[in-house]
Amino acid sequence: MNNKRWYDQEPTISLAVSLIKNSKYDTQIECAKFIKAKAQDYGIILQSNLLGAFNYVLNRWYDTDEQLAEAFGYLQEADDETRKQIAIDIIGFLEKAETL
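Residues numbered from 1 in each chain as written. Predicted model: local features only at pLDDT ≥ 70, side-chain atom pairs only at ≥ 80, totals over all residues. Heavy atoms only, no water.

Engineer: Explanation requested: the packing of helix α2 (residues 25-41) against helix α4 (residues 66-77) in the structure shown.
Structural biologist: Each pair of packed helices can be summarised by the angle the axes make with each other and by the distance between the axes. Running from amino to carboxyl end, α2 crosses α4 at an angle of 35°, the nearest separation of the two axes being 9 Å. In the crossing of α2 with α4, the sense of the turn from one axis to the other is left-handed. Here Gln28, Ile29, Ala32, Lys33, Ile35, Lys36, Ala39 and Gln40 of α2 come into contact with α4, specifically with Gln67, Leu68, Glu70, Ala71, Tyr74 and Leu75. Split by residue class, the contact of α2 with α4 holds 8 nonpolar, 3 polar and 3 charged. (Axes fitted to C-alpha atoms, helices over the stretch in contact; angles between N-to-C directions. Helix = DSSP H or I, 4+ residues; strand = E, 2+ residues; numbered from the N terminus. Left-handed = near helix turned anticlockwise from the far one by under 90°. Contact = heavy atoms within 4.5 Å. Nonpolar A, V, L, I, M, F, W, Y, C, P; charged D, E, K, R; others polar.)

Below you can see the structure in the form of structure tokens.
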């Protein structure tokens, strides 16, 4: 199916995004910070015009917050293997956050 969202292409990433979406707002923001740090650890750099594009496409749930939009930008920039590893890390992060 060609009309899938970029994060629905891989089940692990899709699960991680779903968990973020269904988390409390404060947890989402903490997760966004976590994603950004992880992505930077992997050497992922956001393209300078990527965040500007978010200003024009505000129909996605994660575009309502600049930190979330930036975190998802980092995920999109990652290669497939790195994106999957970050998704696994996100799932672990959210499991810990839910038990606190």
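After that view of the structure, there is still more to cover.
Engineer: When you look at the packing of aromatic side chains in this model, what are you seeing that I'm missing?
Structural biologist: Aromatic ring pairs are described here by two measures, namely the spacing of the ring centres and the angle between the planes. Tallying each qualifying case throughout the model produces 8 aromatic pairs. With a centroid separation of 5.3 Å and an interplanar angle of 85°, the aromatic rings of Trp6 and Tyr7 are classed as edge-to-face. The interplanar angle of 20° and the centroid separation of 4.6 Å between the aromatic rings of Phe34 and Phe93 together place this pair among those described as stacked. With Phe34 in helix α2 and Phe93 in helix α5 (residues 80-99), the pair connects residues that are 59 residues apart, well separated along the chain. Classification of Phe93 by relative accessible area gives partly exposed; the value is 22%. By way of ring pairs, the aromatic residues Trp6, Tyr7, Trp61, Tyr62 and Phe72 are connected into one cluster. (Phe/Tyr/Trp six-rings, centres within 6.5 Å; stacked < 30°, edge-to-face > 60°. Buried < 20%, exposed > 50% of the residue type's maximum accessible area, 1.4 Å probe, protein only.)

By themselves, these observations are geometric and do not establish any function.
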